[in-house]
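Tertiary structure, described
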Amino acid sequence: MSASLKLSDPADVVKHWNVSEPSQFFWIDDAFGVTQYESPLVHGWNHNVLHVKSMLKKGAKVVMTSRDYIYNRARYDLKEGAFPLLKESKVVIDVHDLSGPERQQILYNHLKLGKQPKEFLASLKPHLEQVAAHARFIPETARRLADPLFTQGLFPSDYFLKEFVEKREQLLLEVIQGLDTHSKAALGLIYMRKDHLEIPIALLGSEPQALERLGSTLGDCIKALNALSGSLVTVVHVNDQPVWRFKHPTVGDAYAATLAFSPDLLEIFLTGSSIESLTSQITCGNVGIEKAVVVPPSHFAMISDRLRQYKKSESNKVGWYASWRAWRVLTRFLSTRCSKDFLALYLGKR
């Protein structure tokens, strides 16, 4: 009997490999980062590359997905020479380059399986061919059109549907900004956990204070997550552990954008998130990393103080290794995600 496993960490792929079961299928979604490049994941693949090659020789199947700009950045650190299949077996799916019939079928399937009332679907029908033919149409557009959460106040006409397709990023941002307080806090909790909020939820570190400042509680966040399930968030099983994740990485992108519009919200995020999470989500100053949350100079001192308090890894707490990993995370962050102005401030306090 074949086994299919959805995993998130390179080490877990090797851990779940069964030599006696050659038909295993491993699916690693966002293998090098969810919304931006995460170098620890790449180093994990480099460390386990020989094991993965052995797995493939024994018949196991491994599929790794990544957004193109993340993979392009990861290639600089991947040992492609030691693992040529990363280059030879690459398949690029351009969601903007689908054929007309493919677009129409995607749109039809999403609407058929979606939550829209029959009256709304009937009013959409005369305009669907135009929607599918639009240059900016992607599968995520079809999914949102099929969900009432994203179409509140949408009048089904050629003009407004064209706006819906063209301005998908802005519309998603407006949807998030229009949510109630508890729903926003629930999304913030997932974001602070880097799109991996384990169930049952147990608040860590300064997260209780962060939720309090957001005007919510853990109980209210749980209710909000259940209400948002299927639209903005979803439950997936990672290593047999149920976790809350964003329904699509663009939700995380949009939430990150809301941080830039609200200094108070940004401060809550910076104080509520663990420093280890922050080092792969933010940049101190704009250093050109796509989709990162850019911390302005007004918050440099706060980040500098938190970095100086970071002595042991929060994900690896075993003796000397915890200290070594913290040092590695810190030096990588300082060398790749910080502007000269921040480094001058940080080194001046050391």
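You'll find the structure just up there.
Our subject in this report is the structure included herewith. None of these values were measured; they are calculated from a predicted model. (Residues numbered from 1 in each chain as written. Predicted model: local features only at pLDDT ≥ 70, side-chain atom pairs only at ≥ 80, totals over all residues. Heavy atoms only, no water.)

Another aspect to go through is the overall build of the protein. A tally of helices and strands in the protein yields 20 helices and eight strands. Computed over its C-alpha atoms, the radius of gyration of the protein comes to 22 Å, within 12% of the 20 Å expected for a compact globule of 350 residues. Looking at the protein as a whole, 45% of its 350 residues are labelled buried. Partitioning the contacts of the protein with sequence separation of at least 6, the portion at a separation of at least 24 is 67%. Summed over its atoms, the accessible surface of the protein is roughly 18300 Å², and 56% of this surface lies on carbon and sulfur atoms. (Helix = DSSP H or I, 4+ residues; strand = E, 2+ residues; numbered from the N terminus. Rg over C-alpha atoms; globule rule 2.2 N^0.38 Å. Buried < 20%, exposed > 50% of the residue type's maximum accessible area, 1.4 Å probe, protein only. Contact = heavy atoms within 4.5 Å. Areas by Shrake-Rupley, 256 points an atom, 1.4 Å probe, with all protein chains shown as cover.)

The subject of this paragraph is helix 10 (residues 158–166). Looking at helix 10, one finds that the buried residues are Leu 161, Phe 164 and Val 165. One side of helix 10 holds all its buried residues, which, seen down the axis, span an arc of 95°. Residues of helix 10 that are buried in the fold lie against helix 7 (118–124), helix 8 (128–133), helix 9 (139–145) and helix 11 (168–177). (Arc of directions from axis to C-beta.)

This paragraph deals with the packing of helix 11 against helix 15 (residues 249–261). Running from N to C, helix 11 and helix 15 cross one another at 70°; their axes reach a closest spacing of 9 Å. In terms of their interaxial angle, helix 11 and helix 15 are classed as roughly perpendicular. Between helix 11 and helix 15 lies a crossing whose hand is right-handed. Along the contact surface, helix 11 presents Leu 172, Leu 173, Ile 176 and Gln 177, while helix 15 presents Thr 250, Val 251, Ala 254, Tyr 255, Ala 257, Thr 258 and Phe 261. Of the residues that constitute the contact of helix 11 with helix 15, the class distribution is eight nonpolar, three polar and no charged. (Axes fitted to C-alpha atoms, helices over the stretch in contact; angles between N-to-C directions. Parallel < 35°, antiparallel > 145°, perpendicular 65-115°, else oblique. Left-handed = near helix turned anticlockwise from the far one by under 90°. Nonpolar A, V, L, I, M, F, W, Y, C, P; charged D, E, K, R; others polar.)

A sheet is described by the order of its strands in space; here three strands give the open sequence 4-6-5, paired in antiparallel fashion. Strand pairing shows two members of the sheet lacking a second neighbour, strand 4 (197–198) and strand 5 (233–238), which therefore form its edges. Across the face of the sheet, helix 12 (residues 181–192) comes into contact with strand 4, strand 5 and strand 6 (241–246) while running at roughly 115° to strand 6. (Pairing = 2+ DSSP bridges.)

Read these as layout, nothing more, since geometry by itself doesn't imply function.
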